[in-house]
Amino acid sequence: MGFLKTLFGGTDESPEERREKASARQFDVLKSDGLRAMRMGQVEYAVKCFRKALEIKDDLETHDYLSQALVHQGEFGEGLSHLQLLADAQPDNIHILITMAHVAYMMEDYTTMAEICEKAMLIDKDNAQVMFLYARCCQGQHDLVNAVAMLTKTIMLDDTFSAAYLERGDTLLRMGDVEGASEDADHLIETVGDAEDALLLKARVLMAQEQYASAIGFLDRAIEGNPFSTAALKARGTCRLALGDKDGAESDMRQVLEIDPEALSGITGDFSAEGKD
């Protein structure tokens, strides 16, 4: 019988070999089902599949998929722990560290984020994305001076990095450097045109200079592009109030209230957001 099995391609398998093959098949099915579920937006089921798969076999790719699913669910801490396993296995992979820094930023864990960025800089000190993330880390730690320095270096490494100009302009404005913020805002308007964030930054610079009429022009453009921008509507309402246009200010605040009732918290001024009868 053994000769015939060998002759026709058959083999005698031990119970352990059969168990191993069954486990391998089960792992493949769970991993495949998890990927399919994740693509279909069924993230909770995907997490269950990936966890079950990892109980069968420790697989780096599955840890990667599970980390993505967990982060999507808002389980940042556990997602970061799976990314750490990847980083331990591939210590020179800067892309894993960049992903980890993004997750730490979402956690507002700026100490961990700084450690990750420093490790990434040891791999590539001239990586603009790493420098930008380090700048965000400094902002989270309220170290605005170093944040500006890091953002400036980011721009030196990549002068097309629009987000770095935006962050630097915003930070300079917070520090009271209106002229510096204005330069970054003008650069953004020239390069990205009617992008909402760029228009808002330019408007805020003009508001700081008490050029309210000019600011309204940029806010109008932002609202034209996104009628649901509560930030632009609030800013335009403030500008209109400063110019004595109480009716216009009330109209803007009424729109804000309709879009997001919570967005009016902190608004001050001698007008009612509820408008007139």
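What counts, and where the lines are drawn
- Residues numbered from 1 in each chain as written.
- Predicted model: local features only at pLDDT ≥ 70, side-chain atom pairs only at ≥ 80, totals over all residues.
- Heavy atoms only, no water.
- Helix = DSSP H or I, 4+ residues; strand = E, 2+ residues; numbered from the N terminus.
- Rg over C-alpha atoms; globule rule 2.2 N^0.38 Å.
- Buried < 20%, exposed > 50% of the residue type's maximum accessible area, 1.4 Å probe, protein only.
- Contact = heavy atoms within 4.5 Å.
- Areas by Shrake-Rupley, 256 points an atom, 1.4 Å probe, with all protein chains shown as cover.
- Lys, Arg positive; Asp, Glu negative; His and termini not counted.
- Charge placed at Lys NZ, Arg CZ, Asp CG, Glu CD.
- Polar contact = N/O pair within 3.5 Å; in protein donor to acceptor, adjacent residues only side chain to side chain.
- pLDDT = per-residue confidence, 0-100.
- Expected span 1.5 Å × (residues − 1).
- Axes fitted to C-alpha atoms, helices over the stretch in contact; angles between N-to-C directions.
- Parallel < 35°, antiparallel > 145°, perpendicular 65-115°, else oblique.
- Left-handed = near helix turned anticlockwise from the far one by under 90°.
- Nonpolar A, V, L, I, M, F, W, Y, C, P; charged D, E, K, R; others polar.
- Core = buried A, V, L, I, M, F, W, Y, C linked by side-chain atoms within 4.5 Å.
- Phe/Tyr/Trp six-rings, centres within 6.5 Å; stacked < 30°, edge-to-face > 60°.

Novice: How should I be thinking about the overall build of the protein chain in this particular structure?
Specialist: Broken down by element type, the protein chain carries 15 helices and 0 strands. For 277 residues, the compact-globule estimate of 2.2 N^0.38 gives 19 Å, and the C-alpha radius of gyration of the protein chain, at 27 Å, exceeds that figure by more than 25%. Dimensions along the principal axes, computed over C-alpha positions, put the protein chain at roughly 100 × 50 × 30 Å. The buried share of the protein chain, taken over its 277 residues, is 40%. Taking the contacts inside the protein chain whose residues are at least 6 apart along the sequence as the reference set, 42% of them involve residues at least 24 apart. Summed over all atoms, the accessible surface of the protein chain reaches about 15,500 Å², with 50% contributed by carbon and sulfur. Here the protein chain contributes 27 positive and 50 negative side-chain charges, whose respective centroids are spaced 7 Å apart.

Novice: Would you take a moment to explain the side chain of T154 for this structure?
Specialist: Position of T154 among the secondary structure elements: in helix α9 (residues 144-157). Within the local environment of T154, its side chain forms a polar contact with the backbone nitrogen of F132, the two atoms lying 3.3 Å apart. If we skip the residues at most four places from it in the chain, T154 touches A128, M131, F132, F161 and A164.

Novice: Looking at this structure, how should I read the confidence of the model for the protein chain?
Specialist: Regions with low pLDDT should not have their predicted coordinates read in detail. Averaged over all residues, the pLDDT of the protein chain is 91; the fraction at 70 or higher stands at 90%. Between residues 268-277, whose pLDDT stays under 50, and residues either more than four places distant or in other chains, the model counts 20 contacts.

Novice: Explanation requested: helix α5 (residues 76-89) in the structure shown.
Specialist: Helical geometry note: an α-helix holds 3.6 residues per turn, so side chains three or four residues apart project in the same direction. Along its 14 residues, α5 runs 20 Å from first to last C-alpha, staying within 8% of the 20 Å computed at 1.5 Å per residue. Contact partners of the buried residues in α5: α3 (43-56), α4 (60-73), α6 (94-107) and α7 (110-123).

Novice: It is not clear to me how the packing of helix α10 (residues 162-174) against helix α11 (residues 178-192) should be interpreted in this structure. Could you clarify?
Specialist: Helix-helix packing is described using two parameters, namely the angle between the two axes and the distance between the axes. Where α10 contacts α11, the axes come no closer than 8 Å and their chain directions differ by 155°. If you check the angle between α10 and α11, you find them roughly antiparallel. Handedness of the α10/α11 crossing: left-handed. Contact residues: S162, Y165, L166, R168, G169, L172 and L173 in α10; V178, G180, A181, D184, H187, L188 and V192 in α11. Each residue belonging to the contact of α10 with α11 can be placed in one class, and the counts come to 8 nonpolar, 4 polar and 2 charged.

Novice: Sorry if this is basic, but what is going on with the nonpolar core here?
Specialist: The nonpolar side chains of a soluble globular protein tend to be buried, and buried together. Grouped together as the largest cluster of nonpolar side chains are 62 residues, with contacts concentrated most on M100, M113, Y134, V205 and L219. If one sorts the elements of this core by residue count, helix α8 (residues 128-140) sits on top with 9 residues.

Novice: Please clarify how the packing of aromatic side chains should be interpreted in this entry.
Specialist: Each pair of aromatic rings is reported with the distance of its centres and the angle of its planes. Within this structure, the stated rule accounts for 3 aromatic pairs. The interplanar angle of 25° and the centroid separation of 5.8 Å between the aromatic rings of F50 and Y65 together place this pair among those described as stacked. In this pair, F50 is assigned in helix α3 and Y65 in helix α4, connecting sequence segments 15 residues apart. F50 sits in the buried class, given a relative accessible area of 0%. Relative accessible area serves as the criterion here: at 16%, Y65 is assigned to the buried category. Taking 4.9 Å as the distance between ring centres and 35° as the angle between the ring planes, the aromatic pair formed by F132 and F161 counts as tilted. In this pair, F132 is assigned in helix α8 and F161 in the loop between α9 and α10, connecting sequence segments 29 residues apart. Of the residues examined, F161 reaches a relative accessible area of 13% and is grouped as buried.

Novice: Can you walk me through the packing of α3 against α4 in this structure?
Specialist: Interhelical geometry of α3 versus α4 gives an angle of 150° and a closest axis separation of 9 Å. Taken together, α3 and α4 sit at an angle that is classed as roughly antiparallel. Between α3 and α4 lies a crossing whose hand is left-handed. Across the interface between the two elements, V43, E44, V47, F50, R51, A53 and L54 of α3 pack against T62, H63, Y65, L66, A69, L70, H72 and Q73 of α4. For the contact of α3 with α4, the class distribution of residues is 9 nonpolar, 4 polar and 2 charged.

Novice: Where do I start with the environment of P261 in this structure?
Specialist: Along the chain, P261 turns up in the segment after α15 (246-259). You can call P261 exposed: its relative accessible area is 51%. P261 sits 98 residues away from A163 along the chain, and the two C-alpha atoms are 29 Å apart.

Novice: For this particular structure, what's the right way to read α6?
Specialist: The end-to-end C-alpha distance of α6, which contains 14 residues, comes to 20 Å, matching closely the 20 Å that a straight helix rising 1.5 Å per residue would cover. The complete set of buried residues in α6 reads I94, I96, L97, I98, M100, A101, V103 and A104. At the N-terminal boundary of α6, the capping side chain belongs to N93, with an oxygen 3.1 Å from the backbone nitrogen of H95. Just downstream of α6, E108 is the residue with a positive phi angle, here 60°.

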